[in-house]
Each structure stands twice: as C-alpha cells, then as structure tokens.
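# Summary of structural features
Take a look at the letters that make up each chain.
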Amino acid sequence: MAQSSISFHVPQAFIVDRDGSIAFIGHPAMLEDVLPKVIDGSWRASAEAKNAEKARIAKGESDVSYNALRDRIRAATDIEDWKTALSAIEEGIVLFPDKIMFHQWHVATLMQMRDMEACWIALGQFARTAIERTSEDWLLAALQQLFGPIYDYSGLPLAERSSMAKELSERILRLCPQHDAPLRYYSYLTIAFYYHESGDNDRAVDFDRAGSEVRGRRGSPGRREARTDGAIAADPGGV
C-alpha cells in the first residue's frame, strides 16, 4: 500500500519508489534531477530529500496561513468592516514581508477609513521598503500608491508626496534598462502619470511617448503587463 503524504493542494508532480512509497512531491522541473536518484536508491536517505520535504511542508503551511488571512481580509472588506480588515492586513505585513499586496491593501484601507495621518506614515514606510529592496516591482507599486488614479489624496501633503515620488521615479529609471519591455512600458506610464499630476506636463508627455514607443516595438500586451497594471488598483476588496 502506498505511503500517505502530507499535501496541502494537488501536487504538481510526484515519484513513487520501488516499495510503493511516495519518494518525492514537487515541481516537475525537479524530476530530471530527482528521478535518477530515486531509481538508484540514493534519494530517500539523502539530506537533499529531507531538505526538499521540509521546504515543501513549510511552503504548504505558509500557503494555508496566507489563504486564511486573505479570506479574513476579503470577508471584512465585503461588509466594509475596515478596522477588522486593517488588523488582518497589518498581521499580513508582519507574517509575509515579501508580499507587496499587503502594503498596497494597507494604504487602500487607510484611504477608505480617511485616516490620512496613518496613511501618510504607511506610504512613507512602503516607499522606504521599496527603496531598500531595490526592486522595480516594489518601487512601481509604491509610486502607484503615491500617485494613482483611484485615490482621493486630499489631506496628504502634495510637496512631500511629490518629493518621495521623484526619488522612486529616479530609482525606477536607473533599473529600467535591465528589465523587459512590459515592465519598462508600465514604468514609463506610471512615471508619466506622476509628472502629470504634479503639474509637469512636458515631462509627462516625454514619458508617455517613451512608453508608447516601447509598447509599439513589442505589439500587444502580455501577461506581465496585466500583472503590473493590476498593482495600480490595489483595492483590498478585490483580494
């Protein structure tokens, strides 16, 4: 009888050894490396196998925790219980520091609550975290939170917001050359929107044109574009 396994969702790939036991559960890309070791009997007792299983279980437990937290946020936002949503989102920032969306939901929820003082603190922290990570995805998401088309920014200091956005834009532009066309396209469009909202229409037109040129060279939008564009509308109610 095959040995049962701890699985948190349908596994992508698995290998059953000669004894009928499940020797491996994981990504199909690992099969080429793992399968010969299962066949020659060296896999089961290896440190590599033990570490792979520990990592798989840890990820599964993390996914369960993340999904439960996301469901709590969705349930709270559906009934506009912003305090409960905010509490869960702040928990998510601590538990899942690598998830951009918790920072986005944090700002969006504080906007809904019109707690502009707390929102300004959250925006500043988001921007600092993005700068520390030197990640264009994070920098773009933070810039979109500072100058996005979906928020009412009245009550936030425009000069300080513009200064913070300018630093984010400069860092994004330094990273742009090493990234693919879809990300450069949305980088230029996001920066163009910032310059337009801050009153520098000449710079806005320049970046809008640069974005159009990048998109024109590559044709229709791809999946990366859709994912990046979705960061603009960081509505916690849409989790």
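A few points on the structure.

### Examining the overall build of the protein chain
When its secondary structure is counted, the protein chain shows 10 helices and 2 strands. Listing the helices and strands of the protein chain from first to last along the sequence gives β-β-α-α-α-α-α-α-α-α-α-α. Of all 239 residues assigned to the protein chain, the portion counted as buried reaches 41%. In the protein chain, the share of contacts with a sequence separation of at least 24, taken over all contacts with a separation of at least 6, comes to 55%. Accessible area of the protein chain: about 13,200 Å², with a carbon and sulfur share of 53%.

### Remarks on the pairing of strand β1 (residues 13-16)
Successive residues of a regular strand alternate their side chains across the two faces of the sheet. Residues Ala-13 and Ile-15 of β1 are buried on one face, while the alternating residues Phe-14 and Val-16, pointing to the opposite face, are not. Two strands pair when backbone bridges link them, and β1 and strand β2 (residues 22-26) are joined in this way by 4 bridges, in the antiparallel orientation. Each bridged residue has a counterpart across the sheet, and for Ile-15 the counterpart in β2 is Phe-24. Here β1 folds back onto β2 in antiparallel fashion, the turn holding 5 residues, of which Gly-20 has a positive phi close to 85°.

### Points about the pattern of salt bridges
Taken as a whole, this structure holds 9 salt bridges when the rule is applied. The salt bridge partner of Asp-71 is Arg-74, with a shortest N-O separation of 3.0 Å. Of the two residues, Asp-71 and Arg-74 both sit in helix α2 (residues 47-78), 3 residues apart, roughly one turn of that helix. What emerges from the salt-bridge pattern is a single network uniting Asp-33, Lys-37 and Glu-48.

### Some details on the packing of α2 against helix α3 (residues 82-95)
The relative placement of two packed helices is expressed as an angle between their axes plus a distance between the axes. For the pair α2 and α3, the least separation of the axes is 8 Å and the interaxial angle reads 160°. As far as their axial angle goes, α3 and α2 are roughly antiparallel. Where α2 crosses over α3, the handedness of that crossing is left-handed. Facing Ser-65, Leu-69, Arg-72, Ile-73, Ala-76 and Thr-77 of α2, the residues of α3 in contact are Trp-82, Thr-84, Ala-85, Ala-88, Ile-89, Glu-91, Gly-92 and Leu-95. The residue inventory of the contact of α2 with α3, partitioned by class, reads 8 nonpolar, 4 polar and 2 charged.

Rules and cut-offs
Numbering of residues begins from 1 in every chain and follows the order in which that chain's sequence is written. Only residues with pLDDT of at least 70 get local features here, since the model is predicted, and only at 80 or more are side-chain atom pairs given and counted; chain-wide, interface and lining totals rely on the full set of residues. To get the side-chain values, take all heavy atoms of the structure and skip hydrogens and water. Secondary structure elements are taken from DSSP: a helix is a run of H or I of four residues or more, a strand is a run of E of two residues or more, and numbering for both begins at the N terminus. The cut-offs for exposure are 20% and 50% of the maximum accessible area for each residue type, with area from a 1.4 Å probe on protein chains only; residues under the lower value are buried, those over the upper are exposed, and the others partly exposed. Residue contacts are defined here by distance: any two heavy atoms, one from each residue, within 4.5 Å place the two residues in contact. Computed with the Shrake-Rupley method and a 1.4 Å probe, the accessible areas treat only the protein chains shown as cover for residues. Here, any two strands with at least 2 DSSP bridges between them count as paired. Note on definitions: salt bridges are taken to be side-chain nitrogens of Lys or Arg within 4 Å of carboxyl oxygens of Asp or Glu. Angular values range over 0 to 180 degrees, each being the angle between N-to-C directions of two axes fitted as lines to C-alpha atoms, with helices fitted over their stretch in contact. Relative orientations are named as follows: roughly parallel for angles under 35 degrees, roughly antiparallel for angles over 145 degrees, roughly perpendicular for angles from 65 to 115 degrees, and oblique for any other angle. By convention, the crossing between two helices is left-handed when the near helix turns anticlockwise from the far helix through less than a right angle, and right-handed when the turn is clockwise. Side-chain classes follow a simple rule in which Ala, Val, Leu, Ile, Met, Phe, Trp, Tyr, Cys and Pro form the nonpolar group, Asp, Glu, Lys and Arg form the charged group, and the remainder, Gly included, forms the polar group.

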